[in-house]
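Read off the chains here:
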Amino acid sequence: MQAVDLDQIDLTGAVPEEETDRQYFFMAKARNYVQALADTLGRTPTCCVTTFGCQMNARDSEKLVGILEKVGYRIIDSEKADFVIFNTCTVRDNANQRVYGRLGELNGYKRRNPHMRIALCGCMMQEPAVIEKLRKSYGFIDLIFGTHNIFKFAELLCASFESKGMLIDIWKDTDQIVEDLPVERKYSFKSGINIMFGCNNFCSYCIVPYVRGRERSREPKDILREIEGLVADGVVEIMLLGQNVNSYGKNLDSPMTFSELLREIEKIEGLKRIRFMTSHPKDLSDELIQVMKESKKICRHLHLPLQSGSTKILTRMNRRYTKEQYLALAEKIRREIPDIAITTDIIVGFPGETPEDLEETIDVVKRVKFDNAFTFIYSKRTGTPAAAMEDQVPEEQVKVGFDRLLHVVQDTAREQVARCQGQIMDALIEEVNETDPTMVTGRLSNNTIVHVPGDVSMIGTIVKVSLDTCHGFYYIGHVAE
Ligand code: SAH
Ligand code: SF4
Ligand code: F3S
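What you see is a predicted model, and the numbers here were worked out from it, not measured in a lab.

## A word on the sheet that holds strand S2 (residues 74–75)
Point 1. With parallel pairing, six strands are arranged side by side in an open sheet as S2-S1-S3-S4-S5-S6. Of all strands in the sheet, those with a lone pairing partner are S2 and strand S6 (167–169), marking the two edges.
Point 2. Bridging between strand S5 (residues 143–145) and S6 involves three bridges; their strand directions are parallel. Bridging across to S6, phenylalanine 145 finds its partner in aspartate 169.
Point 3. Contacting strand S3 (83–88), strand S4 (117–122), S5 and S6, helix H5 (residues 153–162) crosses the sheet at an angle of about 150° to S5.

Given below as structure tokens:
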């Protein structure tokens, strides 16, 4: 990452046309506004970024924080701050409802702090109906922007300081990928890395392709350079992020497969662990299984969303695989990499789903023996093909099915996690245990959590741990050497 000194930027000159220079210009300018605010307040202004949704959003928030720190805000966890940003998610309706609820609270804080500013960004902002509602009933918001122009945050921040009332800037789409902006990661020793943006799959229930736009891959050289920089800065584990990492690289000027990218990343010295998500089953290649099998760094964990075990429902979901194809794929992965953990996402209550369809899903859960599964109740998303399907499932049937599935999922997960009992494995120590400060929490390659006696000095190191007792979904153990 290039280090840009804001003091070297001449604000009396013309605004640069080219990104990334343009955004650094606006960072220098925004810094003056923040300084002026600090003079008024008699202290450093505080800022809080609250993230809803997936790892992609979490990474975006780190980019926002990178800029906010650069322009002079002090980052705090409390929303009683001088500047609060909600980075929103709209994948299910409850994500939206949470945002509206929290906005009410923010309004209360703002009444008590006249200098407070509120910004909203993220996936929810890409929905015109949301913008209408905010415009009408949430006039206290200062700045609204979307997923496609988040790279312009510094510029938008300046514009917001210069204007009164609500400033809204939403782009319908973009093909731009702006590199080299500042980013402040949450953990010193691990980091997410975007390898692609958007999604082209249009699963019939899903709003992501509408709010994140078309699939775009980053250039491999930019990805490798970013990882090398992170490793030099102390990162040992990375998580490659994309809605469908298995289709990485298809649209690059010189196409490259995800497996080829992984081979290149593997060579980076000092990098210890590689994770990625998410994999779409329809695009998971034999080459990828082979690369994972041979790799010393790729973690023994694959998140492979099933969504449903019924071929009829899968077809209506536009997932483009059958129950049998999924089962065959999972079996192949388990055969080639026996110590791998397979996790999944499942939706209950998709339009047209009968109790028999749910039995098919439960059958897959039992046969694949997922190490963990995230189960979701289907949420109707306006504008998606599934929202227009007629046979929406009655709430009571969904509830009964969901509870039944959850039990099966928990049983298989417990059984799977217990497989490692008594073994010695590498764990990356991530934090001091919240409830017991004499313990630290680590993560195994297969993503299982283990708590061991230890202290803060161990954070970010990989240690051998003995997995003594399994407590359902995690282990209590001790450092083995
Ligand atoms: N790109 C990833 C998923 C991103 S969304 C993939 O294809 O696997 C994360 C999960 O949210 C999905 O796997 C799905 O299980 C769930 N999800 C998406 N849309 C949903 C909806 N309308 N209702 C309920 N769950 C949904
Ligand atoms: Fe949504 Fe499907 Fe794309 Fe995943 S692959 S983000 S579920 S459309
Ligand atoms: Fe949500 Fe957007 Fe992620 S809708 S799940 S935050 S891509």
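So much for the structure itself; the text now carries on.
## Remarks on the site of ligand 3
Point 1. Taken together, Cys54, Asn57, Cys89, Thr90, Val91, Cys123, Arg212 and Gln243 make up the full set of residues adjacent to ligand 3.
Point 2. Classifying every residue of the shell around ligand 3 gives four nonpolar, three polar and one charged.

## Description of the packing of helix H3 (residues 93–112) against helix H4 (residues 128–137)
Helix-helix packing is characterised by the crossing angle of the two axes and by the distance between the axes.
Point 1. Close contact between H3 and H4 brings their axes to 13 Å; oriented N to C, the two are set at 15°. It follows that H3 is roughly parallel to H4 by the angle criterion. H4 is crossed by H3, and the crossing has right-handed handedness. Touching Asn96, Tyr100 and Leu103 of H3 are Val130, Lys133 and Leu134, all from H4.
Point 2. Of the residues assigned to the contact of H3 with H4, the class counts are four nonpolar, one polar and one charged.

## Some points on the packing of helix H12 (residues 355–368) against helix H13 (residues 395–417)
Point 1. Running from N to C, H12 and H13 point in directions that differ by 10°, and their axes come no closer than 10 Å. Compared by their axis directions, H12 and H13 come out roughly parallel. Of the residues in H13, those in contact with Pro355, Leu358, Glu359, Thr361, Ile362, Val365 and Lys366 of H12 are Gln397, Gly401, Arg404, Leu405, Val408, Val409 and Thr412.
Point 2. Among the residues making up the contact of H12 with H13, the classes are represented as seven nonpolar, four polar and three charged.

The rules we used
- Counting restarts for each chain: residues are numbered from 1 in the order of the written sequence.
- Starting at A for chains and at 1 for ligands, labels are handed out in the order in which the entities are written.
- It should be noted that, the model being predicted, local features are given only for residues of pLDDT at least 70 and side-chain atom pairs only at 80 or more, the latter also being counted only at that level, while totals for whole chains, interfaces and linings use all residues.
- The side-chain numbers reported here are obtained from all heavy atoms of the structure, hydrogens and water having been left aside.
- Two strands qualify as a pair provided that DSSP identifies no fewer than 2 bridges between them.
- Strands are runs of DSSP state E lasting at least 2 residues, helices are runs of H or I lasting at least 4, and numbering of each runs from the N terminus.
- Residue contacts are counted whenever heavy atoms from the two residues lie within 4.5 Å of one another.
- Note on method: axes are straight lines fitted to C-alpha atoms, helices fitted across the in-contact stretch only, with angles between N-to-C directions ranging 0 to 180 degrees.
- For each residue, the test is whether any non-hydrogen atom lies within 4 Å of the molecule or strand; if one does, the residue is near.
- For this classification, Asp, Glu, Lys and Arg are treated as charged, while Ala, Val, Leu, Ile, Met, Phe, Trp, Tyr, Cys and Pro are nonpolar and the rest, including Gly, are polar.
- Our angle categories are set so that under 35 degrees counts as roughly parallel, over 145 as roughly antiparallel, 65 to 115 as roughly perpendicular, and the remainder as oblique.
- Note on convention: near helix rotated counterclockwise from far helix by under a right angle means a left-handed crossing. Clockwise means right-handed.

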